Structure formats: C-alpha cells, structure tokens
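# Close look at the chain arrangement
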Amino acid sequence: RLIRRQRQMCIRDRFGAFIAVFQHRYAWGAVFMGLGITIKAIPLLLLPYFVIKRKWKFLALTLVFVLIFNLLPAFYFGFETNLQILGDWFHHVTGENAAFHEIHGAVNQSLRGQLRRLLTDIDYSKRYDGHNHYPVINLASLSPAVVETAAWIVIVLLWILFLVCLLYTSDA
C-alpha cells in the first residue's frame, strides 16, 4: 500500500513539474520535480529533456530543492547522521540488498526483470510475497551477471536513442 502511494506521488510530482514548467512557473515545477527525485530516483531520467529544452532556471532550482529535501532531515537527525542515513539508503538500493529484493520483492516488471526471467534460471519457490507459483518462462540459462550487463547496455542504448530522437525533433 505504501509503495502504491509512493508511485502515485511520483507520478503526481512528474506531471506537476511538467505542467508548472510549461506555465513558466519554474519554482513550482522544481518543487514537484525535487520531491519526485527525493522520493524515487526515476525522475532523474527526465532531466535531459529539460537540458535539451534549455530550461536552465528550472534545472538549477530542481537541484536546489533536491538538496533542500535531502538535507532537511538533518535539522532533526544532525548533519552527520543524515549523511549516514542517505548513504545507508544508497547502499540498500544499489548494493547487495538490490539482489535480495529482486528475488524476494514484487515481481520486477521492468526491462531488466523481463530479461532476467527470460534468460536466467529463477527459483520462484523461495519467494515469500505470494508469487512463489510464478510460471518459469526462461528461454535460456545464462549467468545473471551477463544478463544484468546486457540489460544495462540495452537500457543505455534505448535512452541514447530517445535523447537523439528528442534532439532531432526539437530542431524541426
């Protein structure tokens, strides 16, 4: 339930940011984008769009609000403890715990998750979130590290293609 609210807040923040920027309300747009980035890092992927559109004021204000929102808890926890909490969060999301959540969390519907299910062996019987009867649909039995690397290469190439198309269409 909390995750659903988090997703709804991120979607609201992204739309709020776009609407505010298109109405030339850069500060409000930056507040929404800063909240979205602070709650979930995915909105960072939208920032190149604003670079291409040369929305420098919005980008600068977004950076300021991201810093404010991430440092605000320091008033309660103290600066060093706040930095420790942010570091712990980063390692929790990107470190060894990421692999744990990949196996034991909700079934990953991202491109990475799809490739992992199709190209590696996943033992769904170990899952405890009710998805332990998920059908095995893998087409190959590759190493998870190889599939992870391939997935990131595909993601980066698609992102570059998106930016090139965006740049091409903004010149027209």
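In this text, all values refer to a predicted model and were calculated from it rather than measured experimentally.

From N to C terminus, the protein chain includes nine helices and zero strands. Tracing the protein chain from N to C terminus, the helices and strands come up as α-α-α-α-α-α-α-α-α. For the protein chain, the residues scored as buried account for 25% of the 172 residues in total. If you sum the accessible surface of the protein chain, you get close to 12,000 Å²; carbon and sulfur atoms cover 69% of it.

All chains considered together, the criterion is met by eight aromatic pairs. Taken together, a centroid distance of 5.7 Å and an interplanar angle of 50 degrees make the contact between Phe18 and Tyr49 tilted. Here the residue Phe18 occupies a position in helix 1 (residues 2-22), and Tyr49 occupies one in helix 3 (residues 47-52), the gap between them amounting to 31 residues. For the ring pair Phe18 and Phe50, a centre distance of 5.0 Å and an interplane angle of 40 degrees mean the geometry is tilted. Placement of Phe18 in helix 1 and of Phe50 in helix 3 is noted, with a sequence separation of 32 residues between them. Judged by its relative accessible area of 1%, Phe50 is buried.

Here we come to unusual backbone geometry. You will see that His24, though not glycine, has its phi angle at about 60 degrees, which is positive. Along the chain, His24 turns up in the loop between helix 1 and helix 2 (26-39). For His24, a relative accessible area of 55% gives the class exposed. The residue Arg54 is not glycine, and still its phi comes out positive at about 55 degrees. Judged by relative accessible area, which is 61%, Arg54 ranks as exposed.

The subject of this paragraph is the nonpolar core. In summary, soluble globular proteins display a tendency toward joint burial of nonpolar side chains. Counting residues in hydrophobic clusters, the biggest one holds 17 residues, and the most contacted among them are Val21, Met33, Ile37, Leu47, Phe50, Phe58 and Leu59. Of all elements in the fold, only helix 1, helix 2, helix 3, helix 4 (56-71) and helix 9 (144-171) reach the threshold of two or more residues within this core. Sequence-distant contacts of Leu47, defined by excluding residues within four places in its chain, comprise Met33, Ile37, Leu59 and Thr62.

How each quantity is defined
- Residues numbered from 1 in each chain as written.
- Predicted model: local features only at pLDDT ≥ 70, side-chain atom pairs only at ≥ 80, totals over all residues.
- Heavy atoms only, no water.
- Helix = DSSP H or I, 4+ residues; strand = E, 2+ residues; numbered from the N terminus.
- Buried < 20%, exposed > 50% of the residue type's maximum accessible area, 1.4 Å probe, protein only.
- Areas by Shrake-Rupley, 256 points an atom, 1.4 Å probe, with all protein chains shown as cover.
- Phe/Tyr/Trp six-rings, centres within 6.5 Å; stacked < 30°, edge-to-face > 60°.
- Core = buried A, V, L, I, M, F, W, Y, C linked by side-chain atoms within 4.5 Å.
- Contact = heavy atoms within 4.5 Å.

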